[in-house]
Structure formats: structure tokens, C-alpha cells
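Geometric and topological summary
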Amino acid sequence: MQIADFERFMSDSDNKLRGKSDSEKVKIFISWCNKNNIEEVLLRLSSEEKGGWAKNCTLDFTTSRIIVSKKSAITKFADLGFVAGLAPYPYLLTMKNADPTKIRKQANYSPEELAKRENFAFQILFSEIEELIFRKGIETTVTNMFGRAIVSNFLTIKTAGKTYDFRLPVNKDGNYEQIRFWLGVVLPFNMTCY
């Protein structure tokens, strides 16, 4: 999405957005994107596995699919991510004074650009997903140098042919309630949570 598209959305939807909650605004945005055949990145989550670089990736949730990209060594430690997991344009909807010119280019890749990057791994179309399970998890046997338990949440996506398991670190993605809330807003189907 370009700034002009977002400004058109704001102009088209100004009356609909007034007095709405942040989640309602994002749902209105998703509906507008779908109506106008615009695929947009809505949410980015970081997935990391201990002891293996191959399973460290980003999950970009768009209006129609999940784009999975492998993290480079630099990205693992200096992950740009998104504020509260939300992509730039949905995040702007939660702000009182939304200024799309302040979006950094490196944080605003289109779904097409993400799918063409060399670190692109695979994609999962929403239409292929049979079940999405999000669960809270705590590893109490491992602690960091400050003596706290390292907390991760877990996302399992089942399609007809495959099951994908992702570990979502709380330090990068937010707590369980935040992730659950925003996944519930952006997904066009119900997920199982526990």
C-alpha cells in the first residue's frame, strides 16, 4: 500500500472510523482493503527456536495469507518488528494523529516485496488453513541472566498437508493477551486459544 492508498482509505472511511475502538478501525481497514483488492500486511510476529538458525523467522499476516521469512543473523538480534505487532498502516489507525509520512521504508514492505525477498521461506494462504492454535507457554527450567523464566507462546497452523509449529518469544511479540487479541482481529476465521 502506498501513502496515497492509505489517504484514500482515510477519506473514504472517515465517518465510519469516528468513535470506533482500535480493533474496529483495523477491521474496517481490512474490509476496505478486501473490497478494493489490496493485499496489505497487518501484523508481524517473530518466531524463534533455541539452538537452530533455520527456525528463526518472521510471520507476516496479510489480508489473505501468512508470509514466512527466515531471519538473518543480524535480524535475529536487531529485529525491526512492528509496534505491538501491528504493521505500519494498521498501527496508524490506533494513533490520534496519524501521519503516514513518518513510516520508515524498511518497516513497510508490501506482501509482494516480502514474497520476492531472498529470505522468503514459504506462504500459507488463509484458505488452506484448517486449524490455527495459539497457546500460552512458559519454560521454567531455563532462565536468563536476570533469573527470570524465559516465556514463549506457541502457534500451530494445520493445513491439509502439513502442520507448522512456531515459538513466539514474549520479549519480541508482546504478551499472550496482546498477541491473542490482535490475531483475533486480523484473522478471517476463528482460532483455538488456550
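An account of the accompanying structure is given in this report. (Residues numbered from 1 in each chain as written. Predicted model: local features only at pLDDT ≥ 70, side-chain atom pairs only at ≥ 80, totals over all residues. Heavy atoms only, no water.)

**What about the overall build of the protein chain?**
Defined as follows: Secondary structure elements are defined from DSSP: runs of H or I of at least 4 residues count as helices, runs of E of at least 2 residues count as strands, and each element is numbered from the N terminus. The cut-offs for exposure are 20% and 50% of the maximum accessible area for each residue type, with area from a 1.4 Å probe on protein chains only; residues under the lower value are buried, those over the upper are exposed, and the others partly exposed.
On a plain count of helices and strands, the protein chain comes out with seven helices and eight strands. Sorting the 194 residues of the protein chain into buried and exposed places 44% on the buried side.

**Section: the pattern of salt bridges**
Filter applied, for reference: Between Lys or Arg on one side and Asp or Glu on the other, a salt bridge is scored when a side-chain nitrogen of the former is within 4 Å of a carboxyl oxygen of the latter.
All chains considered together, the criterion is met by seven salt bridges. Among the salt bridges present, the one from K158 reaches E131, with a minimum N-O distance of 3.8 Å. Highlighted residues: K158 in strand β6 (residues 149–159) and E131 in strand β5 (residues 129–143), separated in sequence by 27 residues. The partly exposed category is assigned to E131, whose relative accessible area is 31%.

**Re the packing of helix α2 (residues 22–35) against helix α7 (residues 176–186)**
Inclusion rule: For helices, the fitted line uses only the C-alpha atoms of the stretch in contact; every axis is such a line through C-alpha atoms, and the angle between N-to-C directions lies from 0 to 180 degrees. Crossing handedness is defined as follows: a turn of the near helix away from the far one that is anticlockwise and smaller than a right angle gives a left-handed crossing, while the clockwise case is right-handed. Contacts are assigned to residue pairs with any non-hydrogen atoms lying within 4.5 Å of each other. Polarity classes work like this: nonpolar for Ala, Val, Leu, Ile, Met, Phe, Trp, Tyr, Cys and Pro, charged for Asp, Glu, Lys and Arg, and polar for all others, with Gly in that last group.
One can describe the packing of α2 onto α7 by two numbers: an axis separation of 9 Å at closest approach and a directional angle of 35°. Crossing of α2 over α7 shows right-handed handedness. Taking contact as the criterion, the partners of D22, S23, V26, K27 and I30 in α2 are, on α7, F181, W182, V185 and V186. Partitioned by chemical class, the residues of the contact of α2 with α7 number six nonpolar, one polar and two charged.

**Regarding helix α1 (residues 3–17)**
Given 3.6 residues per turn, any residue in an α-helix points the same way as the ones three and four places further on. Let me state the cut-off plainly: Multiplying one less than the number of residues by 1.5 Å gives the expected span of a helix. Bend, at a single residue, is the angle you get between axes fitted to the 7 residues ending at that residue and the 7 residues starting at it.
Helix length check: α1, at 15 residues, gives a terminal C-alpha distance of 18 Å against a target of 21 Å (1.5 Å per residue), a shortfall beyond 12%. Along α1, the sharpest change in direction is near 40° and occurs at S11. Inspection of α1 places F6, F9, S13 and L17 among the buried residues, and these make up the whole buried set. Buried residues in α1 make contact with α2 and α4 (88–93).

**Comments concerning the nonpolar core**
Keep this limit in mind: By nonpolar core we mean a set of buried residues, namely Ala, Val, Leu, Ile, Met, Phe, Trp, Tyr and Cys, connected to one another through side-chain atoms within 4.5 Å.
Counting 42 residues, the largest nonpolar core has L59, F61, L155 and L183 as the members making the most contacts within it. With sequence-adjacent residues up to four places away left out, L155 is seen in contact with L59, F61, L132, I133, F134, Y164, D165, F166, L168 and L183.

**A short note on α2**
Compared with the 20 Å implied by 1.5 Å per residue over 14 residues, the 20 Å span of α2 between its first and last C-alpha is a close match. Within α2, the full set of buried residues consists of S23, K25, V26, I28, F29, I30, W32 and C33. In this fold, the buried residues of α2 make contact with α1, β1 (41–47), α4 and α7. Just beyond α2, the residue with positive phi is N37, at close to 55°.

**What about the sheet that holds strand β3 (residues 65–70)?**
For the record, the criterion: In this analysis, strands are considered paired if DSSP registers two or more bridges between them.
Spatially, four strands are ordered β1-β2-β3-β4 in an open sheet, and the strand pairing comes out antiparallel. A single partner strand is all that each edge strand has here, and the edge strands are β1 and β4 (120–125). Strand-to-strand twist of the sheet, defined as the mean angle between neighbouring strand axes without regard to direction, takes the value 20°. Here five bridges tie strand β2 (residues 57–62) to β3, and the two strands are oriented antiparallel to one another.

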